[in-house]
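Descriptive structure summary
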Amino acid sequence: MKTQEIMQQLAAKHPGEAEYLQAVEEVLNSIEEVYNQHPEYEKAKIVERMVEPDRIYTFRVTWVDDKGEVQTNLGYRVQFNSAIGPYKGGLRFHKAVTPSMLKFLGFEQTFKNALTTLPMGGGKGGSDFDPVGKSDAEIMRFCQAFMLELWRCIGPDQDIPAGDVGVGGREIGFLNGMYQKLAQRYHTGVLTGKGMTWGGSILRPEATGFGALYFTQHVLELAGKDIKGKTVAISGFGNVAWGACTKAVELGAKVVAISGPDGVCAIPGGIDKEMIDYMLVMRSSNRNKVQDMADKFPGKCSFVAGKKAWSQKCDIALPCAFQNELSEDDAKELVKNGTWCCCEVSNMGCQPGAIHYFQAQKGFLFAPGKAVNAGGVATSGLEMTQNAEHISWTGQEVDERLHHIMASIHEQCVKFGKRADGTIDYVKGANIAGFMKVAQAMLEQGLV
Ligand code: 2IT
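Residues numbered from 1 in each chain as written. Predicted model: local features only at pLDDT ≥ 70, side-chain atom pairs only at ≥ 80, totals over all residues. Heavy atoms only, no water.

1. Brief notes about the overall build of the chain
Spelled out, the test is: Secondary structure counts use DSSP, requiring at least four H or I residues in a row for a helix and at least two E residues in a row for a strand, with both numbered from the N terminus. Relative accessibility decides the category of a residue: with a 1.4 Å probe and only protein chains considered, values under 20% of the type maximum give buried, values over 50% give exposed, and everything between is partly exposed. Whether two residues are in contact is decided by their heavy atoms, any of which lying within 4.5 Å being enough.
Regarding its fold elements, the chain presents 17 helices and 12 strands. Each principal axis of the C-alpha distribution contributes one length, and for the chain these read about 60 × 55 × 45 Å. The buried share among the 448 residues of the chain stands at 57%. Considering only intrachain contacts with a sequence separation of at least 6, the fraction spanning at least 24 residues in the chain is 72%.

Pasting the structure below:
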């Protein structure tokens, strides 16, 4: 297998699918050496089969807005790979959603889910519906219209969606209500991220952020460092950023910046509980403006328009918002200002140039999204287990399992990513560990 040859063929077959091609190239670069030591993979054309999704459903979603006007969006479900379990992955509602974006996310999800130790395949879906500025009633009507098509593609043993950007507890509620109505099946296992009274798991809302901080702790610990007292810059103020802030503060770190599409809020004294709670209000307002935090707490934080979180001085950078949100220039600015660690919490949050720059700095600690943020989908897997057994675990039990899973993901990265000098290439480690598991499962199950 030669990465460049495969990439050329893929680029010719899927012109303009930039995010998808970027995600595939990163994985292939990491695994090329190991892959070529396994002629049985080459013979079964594992890579050629693995880079294409099993199937993609595309559908029209028509709904009526508050003014009575008819709106039309596109909906998708990408069922990427089911070698190790049913398709599992979130739904993204964002105006920039394209098949390329969902294919990159489904591809990443396949390896991420393999890392969790749980039997889940990879999938992703969503719509170009823009939640910004929408009322609750509009969100509900859109979710119902979306489910009118999606329900045919999913099921507790086939494909289990969850949230992603633009889809949180409120949206999962509307989606689940409509699914049950249409399918006349009242089991709890077809979506994860559900409410606590109808099959949801304690800690699922926090899990992506909590897991990311547990992973960061492992990265720091191995490098002989402690997160206590360190300054942290975070992008975003959605569900993931909220969980990350909560756990960072609990572990004694100081979150000195959060950012949004409109700019950054500098918080010199560190974010506090009241401000973290306010992030939830900001998320559900659908305004998508981080300036609201500075307006609400003028004494504690100051808003700088048009700037990213990466303009702020910090020890640790945690991208928690969107793919490619941290560029090579941002990486240079961070390093110049003294940052020595970046754990990607968003999927593919760093551009390739940023990753290369970080990795070229001696002693810099970088870990990729598919390892760092896997606690979210892992806890979805735990929610599926509770649903299948018709039971509910305590918060402590879920947290212990999440801890255990994050420790295991870190171990896998160390095993497959150790460099000659003893430091860890977490990108390589995560990609090889995830790939080997899926490749072996595909090989053993034949050409299907
Ligand atoms: O990117 C992700 O891992 C998610 N959006 C969560 C997926 C899930 O099924 O919980």
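2. Comments concerning the site of the ligand
Formally: The nearness test applies per residue and asks whether one of its heavy atoms lies within 4 Å of the molecule or strand. Pairs of N or O atoms are called polar contacts if they sit within 3.5 Å, as long as, within protein, a hydrogen donor faces a hydrogen acceptor (for residues adjacent in sequence, only side-chain-to-side-chain pairs). Method for areas: the Shrake-Rupley scheme with a 1.4 Å probe, in which residue coverage is limited to the protein chains shown. Polar here means any residue other than Ala, Val, Leu, Ile, Met, Phe, Trp, Tyr, Cys and Pro, which are nonpolar, and Asp, Glu, Lys and Arg, which are charged; Gly is therefore polar.
Around the ligand, a shell composed of 14 residues is seen, among which Lys 88, Lys 112, Asp 164, Arg 204 and Ser 380 lie nearest. A distance of 2.7 Å separates an oxygen atom of the ligand from a polar atom in the side chain of Lys 88. Protein coverage of the free-state accessible area of the ligand, which is 290 Å², stands at 94%. Listed by contribution, the elements that provide at least two residues to the shell around the ligand are β3 (87-93), α5 (99-115), β5 (159-163) and α15 (374-389). When grouped by side-chain class, the residues that make up the shell around the ligand number 2 nonpolar, 7 polar and 5 charged.

3. Some words on the sheet that holds strand β11 (residues 341-343)
Under the convention used in this document: DSSP calls a pair of strands paired once it identifies at least 2 bridges connecting them. Axis geometry follows a simple rule: fit a line to the C-alpha atoms, using only the stretch in contact for helices, then measure angles between N-to-C directions, giving values from 0 to 180 degrees.
Pairing within the open sheet is mixed, and its 7 strands lie in the order β9-β8-β7-β6-β10-β11-β12. Edge positions in the sheet fall to β9 (302-305) and β12 (365-367), since each of these pairs with one other strand and no more. Sheet twist, expressed as the mean angle between neighbouring strand axes with direction ignored, is 15°.

4. Quick look at the packing of aromatic side chains
Condition: A pair of aromatic rings is counted whenever rings of Phe, Tyr or Trp (Trp by its six-membered ring) have centres within 6.5 Å, and the orientation is called stacked for planes under 30 degrees apart, edge-to-face for over 60 and tilted otherwise. Only lysine NZ and arginine CZ atoms are considered, and such an atom sits over a ring when it is within 6 Å of the ring centre and within 35 degrees of the ring normal.
One pass over the full model with this rule turns up 18 aromatic pairs. An angle of 90° between the planes, with centres 5.1 Å apart, marks the rings of Phe 93 and Phe 142 as edge-to-face. With Phe 93 in strand β3 and Phe 142 in helix α6 (residues 136-150), the pair connects residues that are 49 residues apart, well separated along the chain. Side by side, Phe 93 and Phe 142 carry an identical accessibility label, which is buried. Between the aromatic rings of Phe 93 and Phe 146, the centroid separation amounts to 5.2 Å while the plane-to-plane angle is 75°, which identifies the pairing as edge-to-face. Here Phe 146 lies in helix α6 and Phe 93 lies in strand β3, a separation of 53 residues in the sequence. The exposure class of Phe 146 is buried, given its relative accessible area of 0%. Aromatic rings pair up to connect Phe 59, Trp 63, Phe 93, Phe 129, Phe 142 and Phe 146 into one cluster. In this structure, Lys 103 packs its charged tip against the face of Tyr 20, placed 4.0 Å from the ring centre. One residue, Lys 247, lies across the ring of Phe 210, its end atom 4.4 Å from the ring centre.

5. Concerning helix α16 (residues 395-417)
So the rule is basically this: To estimate the expected span of a helix, subtract one from its residue number and multiply by 1.5 Å.
Compared with an ideal rise of 1.5 Å per residue, which puts 23 residues at 33 Å, α16 spans 32 Å between its outermost C-alpha atoms and is within 8% of the ideal. Among the residues making up α16, those that are buried are Val 398, Asp 399, Leu 402, Ile 405, Met 406, Ser 408, Ile 409, His 410, Gln 412, Cys 413, Val 414 and Gly 417. Buried residues belonging to α16 abut α5, α8 (204-222), α14 (369-372), α15 and α17 (426-444).

6. Quick look at α17
In this model, α17 (19 residues) spans 27 Å end to end at C-alpha, consistent with the 27 Å of a helix rising 1.5 Å per residue. Taken across its 19 residues, α17 has 14 buried, putting it largely inside the fold. Structurally, the start of α17 carries an N-cap: the backbone nitrogen of Val 427 is 3.2 Å from a side-chain oxygen of Asp 425. In the segment just after α17, Gly 446 is the residue with positive phi, at about 75°.

7. Here's the deal with the sheet that holds β3
The strand order β1-β2-β4-β3-β5 describes an open sheet built from 5 strands, whose pairing is mixed. A strand with exactly one partner marks an edge of an open sheet, and here the two such strands are β1 (55-64) and β5. Looking at each pair of strands side by side, their axes are set apart by 20° on average, direction ignored. As defined by bridge partners, β3 adjoins β5 across 5 bridges and the pair is classed as parallel. Within the sheet, the bridge partner assigned to Gly 90 lies in β5 and is Ala 162. Where α6 meets the sheet, it contacts β1, β2 (70-81), β3, β4 (121-127) and β5, and its direction lies at approximately 140° from that of β1.

8. Observations concerning empty space enclosed by the protein
Filter applied, for reference: Grid points spaced at 1 Å and placed over the protein atoms alone form the basis of the search, with a cavity being a set where a 1.4 Å probe fits but cannot get out and a pocket an open set showing protein on both sides within 12 Å along at least five of seven lines. Lining residues have an atom within 4 Å of a point. Grid points are joined across faces, edges and corners, and a volume is the space filled by probe spheres set on the points.
According to the stated counting rule, one finds 1 cavity of 30 Å³ or more in the structure shown. Quantified by volume, the largest cavity comes out at close to 30 Å³. Lining the largest cavity we find Asn 81, Ala 83, Ile 84, Thr 110, Met 120, Gly 121, Gly 122 and Val 438. Taken together, the residues of the lining of the largest cavity sort by class into 4 nonpolar, 4 polar and no charged.

9. Some words on the pattern of salt bridges
In a structure, side chains of opposite charge can pair up when their charged atoms sit close to one another. This is how it is decided: Salt bridge, as used here, is a side-chain nitrogen of Lys or Arg placed within 4 Å of a carboxyl oxygen of Asp or Glu.
All chains considered together, the criterion is met by 22 salt bridges. Where Arg 77 meets Asp 159, a salt bridge forms, and the shortest distance between an N and an O atom there is 2.6 Å. With Arg 77 in strand β2 and Asp 159 in strand β5, the pair connects residues that are 82 residues apart, well separated along the chain. Among the ionic pairs, Glu 328 bridges to Lys 332, the shortest N-O distance being 3.5 Å. Placement of the pair is Glu 328 and Lys 332 together in helix α12 (residues 328-336), with a separation of 4 residues, close to one helical turn.

10. Re the side chain of Ser 259
Tracing the chain through its elements places Ser 259 in strand β7 (residues 254-260). The exposure class assigned to Ser 259 is buried, which follows from its relative accessible area of 6%. Ser 259 has contacts with Ile 234, Ser 235, Gly 236, Phe 237, Val 264, Val 290, Lys 308 and Ala 309, leaving out every residue within four places of it along the chain.

11. Regarding the nonpolar core
Worth spelling out the cut-off: Nonpolar core, defined: a set of buried Ala, Val, Leu, Ile, Met, Phe, Trp, Tyr and Cys residues in which side-chain atoms within 4.5 Å join the residues together.
Within the largest apolar cluster, 66 residues are counted, with the highest numbers of intra-cluster contacts made by Phe 215, Ile 234, Ile 258 and Met 293. In terms of residues, this core owes the most to one element, α8, which gives 8 residues. Each residue touching Phe 215, except ones within four places of it in the same chain, is listed here: Ala 367, Ala 371, Val 372, Met 406, Ile 409, His 410, Cys 413 and Tyr 426. Tyr 41, Ala 83, Met 101 and Leu 105 belong to the second largest nonpolar core, which has 41 residues in total.

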